[in-house]
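Summary of the model geometry
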Amino acid sequence: MKKLVLSLAAMAAITTASAQKTLVLYFSETGTTKAVAQELQKQLGADIESIEAVDPYSGNFQETIQRSQRERDAGQTPAIQPLKKKIADYDIIFLGYPIWFGTYAMPIATLVLDEDFAGKTIVPFCTFGSGGLNTSTEELKKALPKAKIQKGYGVRTARVQAAAKELDRFLKENGYKKGSVEKLPEYSDQQPVGDAERKLFDAACSSYQFPLGTPQTFGKRTTPDGTDYKFVVKGRGMNGQESTSTIFVTVGKEDGAKPEFTEVVR
């Protein structure tokens with residue numbers, strides 16, 4: 001009976017979502033977020049539009065960081081081109097962006113000031129070097145208190161090729177797309193990291209450009225695609241103070257699959 005109730009609830013959510021008009025709205029500097037947005041549009045059959053800065057960002061990492069830092073310090077937001085689509089015409093908006101300084105890129109800051117999202121359902125999606133989905137989602141909730149900010153999707157730029165499969169699961173799990181997926185198991189309880197887990201963590205994270213810290217404990221789960229690990233890590237934040245983060249690592253079930261870190265949650 002419980003499974004039947006869950007199935008009926010999922011069907012109701014999908015029916016409701018399919019009756020609503022959906023827009024994929026995104027800003028992309030280098031094309032990575034654009035690729036995820038196009039995959040979303042393909043799977044949803046939704047309308048799509050890109051957000052364009054009047055003075056485009058260069059695409060160079062260092063130049064972008066310097067410019068966005070100047071804008072943040074000055075309390076300025078970049079001018080963006082008027083949208084062709086009308087926000088008022090849509091019920092659900094998938095809002096996409098790269099992560100800059102731990103939150104959404106500056107053109108999104110302009111968008112949330114310029115447009116009225118009251119009563120809209122907002123589904124964030126983002127691309128990042130290490131993480132930022134959780135922090136950017138919280139910032140959206142603060143910036144758009146009259147909108148319904150839902151659970152979002154994020155993917156590292158280094159593994160954007162995984163987005164299509166992950167989005168299929170995300171959309172079905174949350175009722176935006178027809179179909180069902182097997183529920184993933186919970187992670188095991190945290191336990192001390194041993195030599196094997198430390199080597200796995202290093203294999204997944206040592207090539208990242210910034211230090212991610214030292215793993216202290218881990219939990220894991222087995223999925224149809226392989227094994228996932230959840231590491232609790234001690235390191236230092238951007239302010240130099242000691243901090244604790246959670247780093248997720250996955251290892252595919254294929255022979256010779258290499259560990260990949262999927263997200264840092266700070």
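Refer to the structure printed above.
Because the structure is predicted, anything quoted here is derived from the model rather than measured. (Residues numbered from 1 in each chain as written. Predicted model: local features only at pLDDT ≥ 70, side-chain atom pairs only at ≥ 80, totals over all residues. Heavy atoms only, no water.)

**Some details on helix α2 (residues 32–44)**
Just so we agree on the cut-off: Only runs of H or I of at least four residues qualify as helices and only runs of E of at least two qualify as strands under DSSP, and these elements are numbered from the N terminus. Expected span of a helix, by definition, is 1.5 Å for each gap between consecutive residues, and there is one gap fewer than residues. Only protein chains enter the calculation, and the probe is 1.4 Å; a residue is then buried if its accessible area is under 20% of its type maximum, exposed if over 50%, and partly exposed in between. As used here, the arc belongs to the directions running from the helix axis to the C-beta atoms.
In a regular helix each residue adds 1.5 Å, so 13 residues correspond to 18 Å; α2 covers 19 Å between its end C-alpha atoms and thus fits that length. Taken together, the buried positions of α2 are occupied by Thr 32, Thr 33, Val 36, Ala 37, Glu 39, Leu 40 and Gln 43. Down the axis of α2, the buried side of the element spans an arc of 160°, and every buried residue falls inside it. Looking at the residues trailing α2, positive phi occurs at Gly 45, about 65°.

**Considering the sheet that holds strand β12 (residues 260–265)**
What counts here: A pair of strands counts as paired when DSSP detects no fewer than two bridges linking them. Pairs of residues are marked as contacts when any of their non-hydrogen atoms sit within 4.5 Å. Note on geometry: axes are C-alpha line fits, over the in-contact stretch for helices, and angles between N-to-C directions span 0 to 180 degrees.
Pairing is antiparallel across the open sheet formed by 5 strands, whose spatial order is β8-β9-β10-β11-β12. The sheet is open, and its two borders are formed by β8 (191–192) and β12, each paired with just one other strand. Here strand β9 (residues 214–223) pairs with strand β10 (residues 226–236) via 9 bridges, running antiparallel. Within the sheet, the bridge partner assigned to Gly 219 lies in β10 and is Lys 230. Strand contacts of helix α7 (residues 195–205): β9, β10, β11 (242–252) and β12, with the helix running at about 90° to β11, the strand carrying the most contacts.

**Comments concerning the environment of Tyr 90**
Relative to the assigned elements, Tyr 90 resides in the loop between α3 (61–74) and β3 (92–100). Judged by relative accessible area, Tyr 90 falls into the buried class, the value being 4%. Excluding residues that lie within four positions of it along the chain, Tyr 90 makes contacts with Lys 21, Thr 22, Leu 23, Asp 47, Lys 85 and Lys 120.

**What about helix α5 (residues 133–143)?**
Of all the positions in α5, only Leu 133, Ser 136, Thr 137 and Leu 140 are classed as buried. The buried residues of α5 all sit within an arc of 105° when viewed along its axis, so they share a single face.

**Some thoughts on unusual backbone geometry**
Positive phi values are uncommon outside glycine, yet Phe 101 reaches one of about 55°. Tracing the chain through its elements places Phe 101 in the loop between β3 and β4 (103–104).

**Comments concerning the environment of Met 106**
Within the element layout of this structure, Met 106 appears in helix α4 (residues 106–114). For Met 106 and Arg 72, which are 34 residues apart along the polypeptide, the C-alpha to C-alpha distance reads 8.2 Å. Not counting the four nearest positions on each side in its chain, Met 106 is found in contact with Tyr 57, Ser 68, Glu 71, Arg 72, Gln 76, Thr 77, Pro 78 and Trp 100.

**Things to note about the side chain of Glu 49**
We count it as follows: Charge assignment in this entry is limited to Lys and Arg as positive and Asp and Glu as negative, and neither His nor the chain termini are counted. Salt-bridge detection follows one rule: a side-chain nitrogen of Lys or Arg within 4 Å of a carboxyl oxygen of Asp or Glu.
As for its position among the elements, Glu 49 is in strand β2 (residues 47–50). With no salt bridge to any partner, buried Glu 49 finds its closest opposite charge in Lys 85, at an N-O distance of 5.9 Å. The residues touching Glu 49, leaving out its near neighbours within four places in the chain, are Leu 23, Val 24, Leu 25, Tyr 26, Pro 82, Leu 83, Lys 84 and Lys 85.

**Observations regarding the packing of aromatic side chains**
Where we set the bar: Two rings belonging to Phe, Tyr or Trp (six-membered ring only in the last case) form a pair when the distance between their centres is within 6.5 Å. Interplanar angles under 30 degrees mark stacking, angles over 60 mark edge-to-face geometry, and anything in between is tilted.
Counted by the stated rule, this structure contains 14 aromatic pairs. Judged by centre distance (5.9 Å) and plane angle (55°), the rings of Tyr 187 and Phe 248 are tilted. One end of the pair, Tyr 187, is in the loop between α6 (163–173) and β8; the other, Phe 248, is in strand β11, and 61 residues separate them in sequence. Exposure remark for Phe 248: the relative accessible area of 18% places this residue in the buried category.

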